[in-house]
Amino acid sequence: MVLKESGEMYLETIYILGKEKGFVRAIDVGAELGYSKPSVSRAMGILREGGFITVGQDGGISLTEAGLEVAERTYERHTVLSDLFMKLGVDEENAVKDACKIEHVISSTTFAALKKHLSEHL
């Protein structure tokens, strides 16, 4: 299953909240992203059916191996791009916004080349 940008955002948010809180519920994800309960519920269903998350009896959301892979990749792109933009002099708010847009469309090849360049020159 190929994820859309919104799916990647949900997985990244679950990943970040999991690191911060340990226990993540759909309501936490919705609050973090500013999405309605029906939207989050639909997304969680799609992610569960796609094999990216599991939802426990207690409502706790866990990333599967596939979900964790997507979440970590998206988060890494976000942090590397945000850091790069801030090092270039972009204010944090704009750096984060722009990184959030680019992290979903940049190819793996281009991102790998960017990381290599940064490690050699910064």
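Residues numbered from 1 in each chain as written. Predicted model: local features only at pLDDT ≥ 70, side-chain atom pairs only at ≥ 80, totals over all residues. Heavy atoms only, no water.

Peer 1: Help me out: how do you make sense of the side chain of Thr64 in this one?
Peer 2: Residue position: Thr64 is located in the loop between β2 (61–63) and α4 (65–87). Looking at Thr64, its side chain comes within polar contact range of the main-chain oxygen of Gly51, at 2.5 Å. Residues in contact with Thr64, not counting those within four places in the same chain, are Gly51, Phe52, Ile53 and Thr54. (Helix = DSSP H or I, 4+ residues; strand = E, 2+ residues; numbered from the N terminus. Polar contact = N/O pair within 3.5 Å; in protein donor to acceptor, adjacent residues only side chain to side chain. Contact = heavy atoms within 4.5 Å.)

Peer 1: Mind showing me how you'd approach the packing of helix α1 (residues 5–21) against helix α3 (residues 37–49) here?
Peer 2: Packed helix pairs are specified by the crossing angle of their axes together with the interaxial distance, meaning the distance between the axes. For the pair α1 and α3, interaxial distance at closest approach is 11 Å and the crossing angle is 90°. Judged by the angle between their axes, α1 and α3 are roughly perpendicular. Packed against α1, whose contacting residues are Gly7, Tyr10, Leu11 and Ile14, the element α3 presents Ser39, Val40, Ala43, Met44 and Leu47 at the interface. Taken together, the residues of the contact of α1 with α3 break down into 7 nonpolar, 2 polar and no charged. (Axes fitted to C-alpha atoms, helices over the stretch in contact; angles between N-to-C directions. Parallel < 35°, antiparallel > 145°, perpendicular 65-115°, else oblique. Nonpolar A, V, L, I, M, F, W, Y, C, P; charged D, E, K, R; others polar.)

Peer 1: Where do I start with the environment of Leu47 in this structure?
Peer 2: With respect to the secondary-structure elements, Leu47 resides in helix α3. Leu47 sits 35 residues away from Ser82 along the chain, and the two C-alpha atoms are 26 Å apart. When near neighbours in sequence (up to four residues on either side) are disregarded, Leu47 contacts Leu3, Gly7, Tyr10, Leu11, Phe52 and Ile53.

Peer 1: For this particular structure, what's the right way to read the packing of α1 against helix α2 (residues 26–33)?
Peer 2: Where α1 contacts α2, the axes come no closer than 10 Å and their chain directions differ by 110°. Taken together, the axes of α1 and α2 lie roughly perpendicular to each other. Side by side, α1 and α2 meet where Met9, Tyr10, Thr13, Ile14, Leu17 and Lys21 of the first sit next to Asp28, Val29, Glu32 and Leu33 of the second.

Peer 1: Even after reading the chapter, I still don't get the packing of aromatic side chains, so can you show me in this structure?
Peer 2: Two aromatic rings, taken as a pair, are described by how far apart their centres are and by the angle between their planes. Overall, the coordinates contain 2 aromatic pairs when judged by the stated rule. Ring centres of Tyr10 and Tyr35 lie 5.5 Å apart, and the angle between their planes is 55°; this geometry places the pair in the tilted category. Placement of Tyr10 in helix α1 and of Tyr35 in the loop between α2 and α3 is noted, with a sequence separation of 25 residues between them. On the accessibility criterion, Tyr35 (37% relative accessible area) is partly exposed. (Phe/Tyr/Trp six-rings, centres within 6.5 Å; stacked < 30°, edge-to-face > 60°. Buried < 20%, exposed > 50% of the residue type's maximum accessible area, 1.4 Å probe, protein only.)

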